[in-house]
Amino acid sequence: MAFWAIPPILWQFAFFVVPLGFLVAMTFWSVRSFRLTPDMTLANWMFILKAGFFRSAYIYTFKLALLTALIASLSAFPAAYTLAFRLQPRTRRFLIFMLVVPFFTSYPVRIYSTQIFFSPEGIINAMIAPLGLGPVSVLDTPTGTVVGYLVLTLPLVLLLQTFALMNTPRDLIEAAHNLGCGRFRTILTVIVPTARVGLVLAATFAFVLSFGDYVAPLYLGGSNPPTLSILIADQVKSGNNWPRASVVAVTMILTLIVVMTAMLALAYGGRKKGRG
Amino acid sequence: MTDFDGKFTDFRALLHPFNRRRFLQGAGTAAGAAAIGISTTSAPAHADDKVLNLLSWPGHGDPAFVKPFEDKYGCKVVAKEYVGGEPMLALMNQSPPGSFDVVLADAEYIHMLQESNFIDKLDPSDYPLKDYWPEFQHFPLHWVGNDLYSVMIRFGYLGIAYRTDMVSDSDVQSYKALWDDKLKGKVGFFDWYLPTMGCLSLYNGNKSPYDIPSDAFDKLKDTLFSLHPQASGFYSMADQFSMLTNGTAAVIPGIGDWVVLLLQKSGVPISATVPREGGIQWTESMSIVSSSTKKDLAKAFIQYASSPEGQARSAILPAYWASIPNKKGWDVLNKEHPDDAKALRLTYDARNVMDEYKDGKIAIRQTPIQQSIEDWNDAWSEFKSM
């Protein structure tokens, strides 16, 4: 069996570890008249870490990704609960299938169609106008960016939460009910702790995907203000500054490593104690 | 009828908004993109004798423009597209020799291309420069001393583009309108530092908007930054068309007829003006790439693009329209597409684009002279993230 583990490891090495090493090395390169030159300079790191626009973009991106993870997790939970516990297996299978359907279409295309929904004279405003509401302006705002992030992450979070809840042992829930525990208390004290790993994983995915997304902040957020991924593109576009773009990318990767570590600790931490 | 039923999706298709390179730059794939970005710039077809490789702004490889040339020479024009002069310089610097035969660039980058030995000296007698308007027969940025390096194909003016149902013509007679309270959150920007900062430099009273000392540059930054509360967003080339169409942006400074004319044709209430402080001229010109192995074909292509027929077709390029410098091209356009000639103001019986040029309100777009491109770019990055 060990042999069959080799190809994916080789694949990851060739297409993730090697480019990653290249990316880190490039943070020390310089650009001379639009041409990349191998070098050993700290100038790119100094420039980016000192730049006001980097700090603003970093805080903004982090906040929006966190907000998306929270909104996606909280809003998906009632639906995931219903899917996992309240529906007939056949209905549940159908709805899970429907949650996969959005992934049939490429994400940029879905974002473009969302742009049409939210344009000033678009579908949403046309629908709410007869009710005396609106018009709402969503495009080119942080709200637009978050809407895009949710288009990307919500179906995934809902799926992951549903699978996590489906794996909660039914007898634990029944035991809680038999002992007189109410529905909400059962959710909070039995279901959520038992499904914790899956729920935390779902939120983490939402954060990771939003933090690195380029499409939603560009086409729904109007780059106003730019996120870190847009900053990467800007650095390349504005002077072929791949080294500076690499610095931004490496800080993003480091951030995600820290976030993942924290979330894994949250997911698995204290389990032995809890079970014991 | 609503504004989203197909009109602007057409433009997106034409302008290739889903630029793979830009999507690859998303952080999730940053590592891969870094590697890909410096390895995919070679055009696989460049060795083929029957292929002319063109490096250009979007839309110049459109059959509506290149088909007669392809038919005559039995070849195929393959265009690699860029947006903005800096990405063009990057592609020229990083692509293997022979990747491109012809480069279409803005005049302000021609000297940089020449200094790096990327483009060939041209023989002026090979091209119909004598048919050009006198102002463009010896366009300074295309010449180094007495040597010609690039042939002008198109030009246009940049001022303010505005939705006529949201802003009146009298409102936008000065760039001051951009700070108007009623335009808060409605001022869009083309995401490229050069045109917008040039227009704002004119607003600040700099007669040579790109040749300014450090105190004027500091003042320009203050002017730019003070506009941020008005900003709706920072748009790609294609997104400008859709955001003006759907009304998310009511005005965009630093652009002009090249965006407006096509939208007008689709019924969008929109116009463009050069405010009283002045406007910026953009130009596109073609040069033969020094490392090309098909220089005869490259020369023939530039001859076609500067010929009356090529000029008339280029003026109404489906991606974006432009003025043309060849008077015989004006004649063809007036004969074959009189309405389009009128919309472009390329007619002889009314006030035309050359009259505006003669008014002295138009400054030629250049890269910064007393500061570096990087300084201006960094100011733009700061502006975006405020």
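Going along each chain's sequence as written, the residues are numbered from 1 onward. All chains are assigned letters beginning with A, and all ligands numbers beginning with 1, in the order in which they are written. Totals for whole chains, interfaces and linings use all residues, but because this is a predicted model, local features are given only for residues with pLDDT of at least 70 and pairs of side-chain atoms are given and counted only at 80 or more. Derived side-chain values reflect all non-hydrogen atoms in the structure, with water molecules and hydrogen atoms excluded from consideration.

Filter applied, for reference: UniProt positions are given in the numbering used here, feature names are shortened, and annotations may be inferred rather than shown by experiment.
You'll find chain B entered in an unreviewed UniProt entry as Spermidine/putrescine transport system substrate-binding protein, with Arboricoccus pini given as the organism. Quoted straight from UniProt, the Subcellular location (unreviewed entry) entry for chain B says "Periplasm".

In the annotation of an unreviewed UniProt entry, chain A is listed under the name Spermidine/putrescine transport system permease protein and assigned to Arboricoccus pini. UniProt, in the comment section headed Sequence similarities (unreviewed entry), describes chain A in these words: "Belongs to the binding-protein-dependent transport system permease family. CysTW subfamily." The heading Subcellular location (unreviewed entry) in the UniProt record of chain A holds the text "Cell membrane".

## Section: the overall build of chain B
Threshold: Secondary structure is summarised from DSSP: a helix means a run of H or I of at least four residues, a strand means a run of E of at least two, and numbering begins at the N terminus for each. Partly exposed describes any residue whose relative accessible area lies between the buried limit of under 20% and the exposed limit of over 50%, with all areas from a 1.4 Å probe on protein chains only and scaled to the type maximum. Contacts are assigned to residue pairs with any non-hydrogen atoms lying within 4.5 Å of each other. Accessible surface area values rest on a Shrake-Rupley calculation with a 1.4 Å probe, where residue burial reflects the displayed protein chains alone.
For chain B, the helix and strand inventory stands at 17 helices and 12 strands. Out of the 386 residues belonging to chain B, those deemed buried represent 62%. Taking all contacts inside chain B whose residues are at least 6 apart in sequence as the whole, residues at least 24 apart take part in 74%. For chain B, the exposed area adds up to about 13800 Å²; of that, 52% sits on carbon and sulfur atoms.

## A closer look at the confidence of the model for chain B
As a reminder, the rule being used: The predictor attaches a confidence to each residue, and that confidence, scored 0 to 100, is pLDDT.
Mean pLDDT over chain B: 88, with 88% of residues reaching 70 or higher. Note that pLDDT drops below 50 for residues 1–43 of chain B; the model gives that stretch 96 contacts with residues more than four away or on any other chain.

## Describing the UniProt feature "domain: ABC transmembrane type-1" (unreviewed entry) in chain A
The UniProt entry lists residues 58–265 of chain A under the feature "domain: ABC transmembrane type-1" (unreviewed entry), expressed in the numbering used here. End-to-end, the C-alpha atoms of residues 58–265 of chain A are 24 Å apart, and along that stretch the chain is 78% helix and 0% strand.

## Some words on the UniProt feature "transmembrane region" (unreviewed entry) in chain A
Residue and element names in this part refer to chain A. The positions that UniProt labels "transmembrane region" (unreviewed entry) are, in the present scheme, residues 6–29, 66–87, 94–112, 146–166, 187–211 and 247–268. For residues 66–87, the end-to-end C-alpha separation is 31 Å, with 95% helix and 0% strand making up the annotated structure. Note that residues 94–112 is 68% helix and 0% strand, and that its end C-alpha atoms are spaced 27 Å apart.

## Concerning helix H10 (residues 237–245) of chain B
Residue and element names in this part refer to chain B. Across the nine residues that make up H10, a large majority, nine, are buried. For H10, the complete set of buried residues consists of Met237, Ala238, Asp239, Gln240, Phe241, Ser242, Met243, Leu244 and Thr245. In the segment just after H10, Gly247 is the residue with positive phi, at about 85°.

## With respect to the environment of Ala238 of chain B
All names here are of chain B. Its place among the elements puts Ala238 in helix H10. The exposure class of Ala238 is buried, given its relative accessible area of 4%. Once the C-alpha coordinates of Ala238 and Phe136 are considered, the two residues, 102 residues apart in sequence, prove to be 29 Å apart.

## Thoughts on the domain arrangement of chain B
All names here are of chain B. Spelled out, the test is: The split of the chain into domains comes from an automatic or database domain assignment. By convention, the term buried area covers the 1.4 Å-probe accessible surface removed from two parts as they join, with the contributions of both added. The term salt bridge refers to a pairing of a side-chain nitrogen on Lys or Arg with a carboxyl oxygen on Asp or Glu at a separation within 4 Å. Two N or O atoms form a polar contact when they lie within 3.5 Å of each other; inside protein one atom must be a possible hydrogen donor and the other a possible acceptor, and for residues adjacent in sequence the pair counts only when both atoms belong to side chains.
The domain boundaries assigned to chain B delineate domain 1 (7–155 + 283–354) and domain 2 (156–280 + 362–384). In this assembly, 30 residues from domain 1 lie in contact with 25 residues from domain 2. Of the roughly 2500 Å² buried at the junction of domain 1 and domain 2 (both faces included), carbon and sulfur atoms supply 69%. In this assembly, domain 1 and domain 2 are joined by four salt bridges. Counting the contacts that link domain 1 with domain 2 gives seven residue pairs in polar contact (both at pLDDT 80 or more). Put simply, the parts of the chain that give the side of domain 1 that touches domain 2 at least two residues each are helix H1 (7–15), helix H5 (85–94), helix H15 (338–343) and helix H16 (353–358). In terms of residues, the side of domain 1 that touches domain 2 owes the most to one element, H1, which gives five residues.

## A word on unusual backbone geometry
For the peptide bond that leads from Asn224 of chain A to Pro225 of chain A, omega is -5°, which places it in the cis range. Along the chain, Pro225 of chain A falls in the loop between helix H11 (215–219) and helix H12 (228–239). The phi torsion at Ser223 of chain A lies on the positive side, around 55°, for a residue other than glycine. Within the secondary structure, Ser223 of chain A is located in the loop between H11 and H12. The phi angle at Asn117 of chain B is positive, at roughly 60°, despite the residue not being glycine.

## Considering the pattern of salt bridges
All names here are of chain B. Going through the model one piece at a time under the given rule, you end up with 24 salt bridges over all chains. Here Lys328 and Asp131 are joined by a salt bridge, their closest N and O atoms 3.6 Å apart. You can see Lys328 sitting in helix H14 (residues 327–336) and its partner Asp131 sitting in the loop between helix H6 (110–115) and helix H7 (134–137), a full 197 residues away along the chain. The exposure class assigned to Asp131 is buried, which follows from its relative accessible area of 13%. Measuring nitrogen to oxygen at the nearest pair gives 2.3 Å for the salt bridge that ties Arg345 to Glu356. One end of the pair, Arg345, is in the loop between H15 and H16; the other, Glu356, is in helix H16, with 11 residues separating them in the sequence.

## Overview of the pairing of strand E11 (residues 279–288) of chain B
Residue and element names in this part refer to chain B. Where we set the bar: A strand pair is defined by DSSP finding two or more bridges across the two strands.
Across the 10 residues of E11, 10 count as buried, placing the element largely inside the fold. Side chains Gly279, Gln281, Thr283, Ser285 and Ser287 project from E11 onto one buried face, and the interleaved Ile280, Trp282, Glu284, Met286 and Ile288 project onto a second face that is buried too. Pairing of E11 with strand E12 (residues 362–364), which is carried by three bridges, proceeds in the parallel orientation. Directly across from Ile280, in E12, lies its bridge partner Ala363.

## A word on the packing of helix H9 (residues 214–225) of chain B against helix H17 (residues 373–384) of chain B
All names here are of chain B. Under the convention used in this document: In this analysis an axis means a line fitted to C-alpha atoms, helices contributing only their contacting stretch, and an angle means the value between N-to-C directions, from 0 to 180 degrees. These descriptions rest on fixed angle ranges, namely under 35 degrees for roughly parallel, over 145 for roughly antiparallel, 65 to 115 for roughly perpendicular, and the rest for oblique. When the near helix sits turned anticlockwise from the far one by under a right angle, the crossing is termed left-handed; a clockwise turn instead gives a right-handed crossing. Here the nonpolar group is Ala, Val, Leu, Ile, Met, Phe, Trp, Tyr, Cys and Pro; Asp, Glu, Lys and Arg are the charged ones; every other residue, Gly included, is treated as polar.
One can describe the packing of H9 onto H17 by two numbers: an axis separation of 10 Å at closest approach and a directional angle of 25°. Judged on the interaxial angle alone, H17 and H9 are roughly parallel. Crossing handedness for the pair H9 and H17: right-handed. For the pair formed by H9 and H17, the contact residues are Phe217, Leu220, Lys221, Leu224 and Phe225 on the first element and Asp375, Trp376, Ala379, Trp380, Glu382 and Phe383 on the second. Classifying every residue of the contact of H9 with H17 gives eight nonpolar, no polar and three charged.

## A word on empty space enclosed by the protein
Counted only if it meets this: Using a grid of 1 Å spacing that covers the protein atoms alone, one calls a set of points a cavity when a 1.4 Å probe fits there but cannot get out, and a pocket when the set is open and has protein on both sides within 12 Å along at least five of seven lines; lining residues are those with an atom within 4 Å of a point. Grid points are joined across faces, edges and corners, and a volume is the space filled by probe spheres set on the points.
This structure, assessed with the given rule, holds four cavities of 30 Å³ or more. Roughly 180 Å³ of volume is contained in the largest cavity. As for the largest cavity, its lining consists of 19 residues, of which Lys237 and Ser238 of chain A together with Asp191, Trp192 and Tyr193 of chain B are closest to the centre. If you list the elements that add at least two residues to the lining of the largest cavity, you get H12 of chain A together with H5 and H17 of chain B. By residue number, the principal contributor to the lining of the largest cavity is H17 of chain B, which donates four residues. Put simply, the second largest cavity is a space of about 110 Å³.

## Quick word on the nonpolar core
Cut-off, in case you're wondering: To form a nonpolar core, buried Ala, Val, Leu, Ile, Met, Phe, Trp, Tyr and Cys residues must be joined to one another through side-chain atoms within 4.5 Å.
Core analysis: the biggest nonpolar cluster contains 197 residues, and Met88, Leu113, Trp258 and Phe301 of chain B have the highest contact counts within it. A per-element tally of this core places helix H3 (residues 52–86) of chain A first, with 15 residues. Residue-level mapping places this core at the junction of two domains, with at least three residues from each of domain 1 (7–155 + 283–354) and domain 2 (156–280 + 362–384) of chain B. Beyond its immediate stretch of four places on either side in the chain, Leu113 of chain B contacts Met88, Leu89, Met92, Val103, Ala105, Phe118 and Ile119 of chain B.

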